[in-house]
Amino acid sequence: MPFVNYGESPLKGIVPDEWLDTQRRLLENARVIVALHHNPVRVGHCVIFPKKSHVPRIQACDADDMVAIGMVLPVIKRGLRFVTGYQCYVCVLRSGPLAEQTIDQLYMEVVPTIAAQPSVEIDWDPSNDRKAGTERKLTGAQAAKLVHVIRQGMGLKQTTGFRHVVYETQGIIAELVQHPSSTGHMALHPKRLSPDLEDCDPHDISGCLREVPRIARAIQHGTNQQDFWVCLLNGPDAGQKEPHLSLQLVPCPKLKRTVSVALKGEATIAPEVARQLSDAMDAVAGEDQIGSALHRPSNPTESAWVEPRTDPKVHPRGESCPWLERARAPHPQLEEWATRRDVYRSDDAFFEPPPPPPPRG
């Protein structure tokens, strides 16, 4: 249920006022709010945060809140794409001062980006270990010890795993990264092929996020690292190397920087664009509920990848048709690239591309 009014929010005075402003709210359910960022670097830059209580760190986060974040991520991605044309996104969650968390409430940022003009720069080697030839490589003995420590901290009866695998369920797997940025650096990913947030089962992404607080508590208990980065890269322009989603959980030691995330750019989001984004997400969420009841996927969906696709109904990159009544083509305030037919096409002719600029001279 949404808040009756701004004054009733338990987060008043903790998060920026803009996050609780209903005019900037894109989506809301029983557990989380999706709102436009107060200092957006690109149109569509938004945040997802638990709304029921003050949650300062990932270790204190309710697993159900993380599930709620995972369930809305595909809705956010599709809604933003319908309105803006952006196909690639960086999702970042900061927990603790060493992870550069500046607001005392846990939140995940969703940032649209393109290769020609990236909104986010992630440096996985800020200490230049790779250039110096001192890059970490996890040995079998180190992996076995870490797996034992983390599984013990998770309260599992069996504290030995299989090689680098720390934890496994029917839908997801959590394993140590072989070339880690820090001790305990892990990757959580669905077992089923999941190339894109629009081409995956939301329950699989939610399953990955659900285990993050529990694993973070175990890493803190076993290694005394209490700050964490959580990163999800969607699409090649966002830095996703392989067409399979992977959630990176990176502990932050006190004596060494392990990851550096810099946001670049500045954008102004007009009220009418905010309304378009909110309407698109409401429409997508409604379609998802109907599709779930009928056991049929909502359309149109579009992957940031041309191949592979898990379902022939998922359009390859650049080939879907935005048909939702209130989710129009890219707003004129957006970059020119977003209205080019070879990047973002509409067979239903919702828009016409802008005329070419007059020749110079």
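Rules and cut-offs
Residues numbered from 1 in each chain as written. Predicted model: local features only at pLDDT ≥ 70, side-chain atom pairs only at ≥ 80, totals over all residues. Heavy atoms only, no water. Helix = DSSP H or I, 4+ residues; strand = E, 2+ residues; numbered from the N terminus. Buried < 20%, exposed > 50% of the residue type's maximum accessible area, 1.4 Å probe, protein only. Contact = heavy atoms within 4.5 Å. Disulfide = S-S within 2.5 Å. Lys, Arg positive; Asp, Glu negative; His and termini not counted. Salt bridge = Lys/Arg side-chain N within 4 Å of Asp/Glu carboxyl O. Polar contact = N/O pair within 3.5 Å; in protein donor to acceptor, adjacent residues only side chain to side chain. Axes fitted to C-alpha atoms, helices over the stretch in contact; angles between N-to-C directions. Parallel < 35°, antiparallel > 145°, perpendicular 65-115°, else oblique. Left-handed = near helix turned anticlockwise from the far one by under 90°. Nonpolar A, V, L, I, M, F, W, Y, C, P; charged D, E, K, R; others polar. Pairing = 2+ DSSP bridges. Expected span 1.5 Å × (residues − 1). pLDDT = per-residue confidence, 0-100.

Which residues make up the overall build of the protein, and what values go with them?
On a plain count of helices and strands, the protein comes out with six helices and 14 strands. Split into buried and exposed, the 361 residues of the protein put 53% on the buried side. For the protein, long-range pairs separated by at least 24 residues make up 66% of all intrachain contacts whose partners lie at least 6 apart in sequence.

So, unusual backbone geometry: which residues are in play, and what are the values?
Cis geometry marks the peptide bond from E307 to P308, where omega comes out at 0 degrees. Its identity as a non-glycine residue notwithstanding, N224 has a phi of 65 degrees, on the positive side. Examined against the element boundaries, N224 turns out to sit in the loop between α5 (202-223) and β10 (227-234). The exposure class assigned to N224 is exposed, which follows from its relative accessible area of 61%.

Give me the lowdown on the state of the cysteines, citing residues and values where you can.
Following the criterion strictly, the structure yields zero disulfides and no others. Free cysteine C91: the closest other cysteine sulfur is in C46, separated by 8.3 Å. Exposure remark for C91: the relative accessible area of 0% places this residue in the buried category. Left unpaired, C252 is separated from the closest cysteine sulfur, that of C231, by 9.3 Å.

Give a description of the side chain of D227 that names residues and reports values.
Counting through the fold element by element, D227 comes out in strand β10. The buried charged residue D227 lacks any salt bridge partner; its closest oppositely charged side chain belongs to R57, at an N-O distance of 5.0 Å. Reaching out from D227, the side chain makes a polar contact with the backbone nitrogen of L98 at a distance of 2.9 Å. Residues contacting D227, with those up to four places away along its chain left out, are S95, G96, P97, L98, A99, V250, P251 and C252.

Tell me about the environment of S9, and name the residues and values.
Note on placement: S9 falls in the segment before α1 (17-20). On a C-alpha basis, the gap between S9 and K52 in space is 7.9 Å, while along the polypeptide they are 43 residues apart. Within polar-contact distance, the side chain of S9 engages the backbone nitrogen of L11 at 3.1 Å.

Before we move on, can you summarise the environment of I14 with the specific residues and values?
Inspection of the secondary structure assignment puts I14 in the segment before α1. Considering only alpha carbons, one finds I14 and H54, 40 residues apart in sequence, at a separation of 8.0 Å. Every residue in contact with I14, bar those within four places of it in the chain, is listed here: H54, I103, D104 and Q105.

How would you explain the packing of helix α4 (residues 140-153) against α5 if you had to name every residue and give the values?
Their axes nearest at 8 Å, the elements α4 and α5 cross at an angle of 120 degrees. The angle between α4 and α5 falls in the class oblique. When you trace α4 past α5, the crossing you get is right-handed. Residues L146, V149, I150 and G153 of α4 form the contact with α5, whose participating residues are I215, A218, I219, G222 and T223. Along the lines of polarity and charge, the residues of the contact of α4 with α5 split into six nonpolar, three polar and no charged.

A description of the sheet that holds strand β4 (residues 88-95) should follow, citing residues and the corresponding values.
With antiparallel pairing, the ten strands of this open sheet are ordered in space as β1-β2-β3-β5-β4-β10-β11-β9-β8-β7. The sheet terminates laterally at β1 (25-28) and β7 (165-168), the two strands that pair on one side only. Each neighbouring strand pair of the sheet contributes to a mean axis angle of 20 degrees, computed without reference to strand direction. Relative to the sheet, α4 contacts β7, β8 (172-176) and β9 (186-190), its axis offset from that of β7 by approximately 35 degrees.

With reference to specific residues and values, describe α5.
Over its 22 residues, α5 runs 31 Å from end to end, which matches the ideal 32 Å to within 8%, given 1.5 Å per residue. The N-terminus of α5 is capped by D201, whose side-chain oxygen sits 2.9 Å from the backbone nitrogen of H203.

Tell me about the pattern of salt bridges, and please be specific about residues and values.
In the structure shown here, the tally under the stated rule is 19 salt bridges. The shortest N-O distance in the salt bridge between R78 and E198 comes to 3.6 Å. Placement of the pair is R78 in helix α2 (residues 63-84) and E198 in the loop between β9 and α5, with a sequence separation of 120 residues. Of the residues examined, E198 reaches a relative accessible area of 6% and is grouped as buried. Where salt bridges share partners, they join K77, R78, R81, D196, E198 and E302 into one cluster.

Summarise the confidence of the model for the protein; cite the residues concerned and give the values.
Within the protein, residue pLDDT values average 82, and 80% of them lie at 70 or more. For the protein, the element scoring lowest by mean pLDDT is helix α3 (residues 129-132), at 60; strand β3 (residues 46-50) scores highest, at 97.

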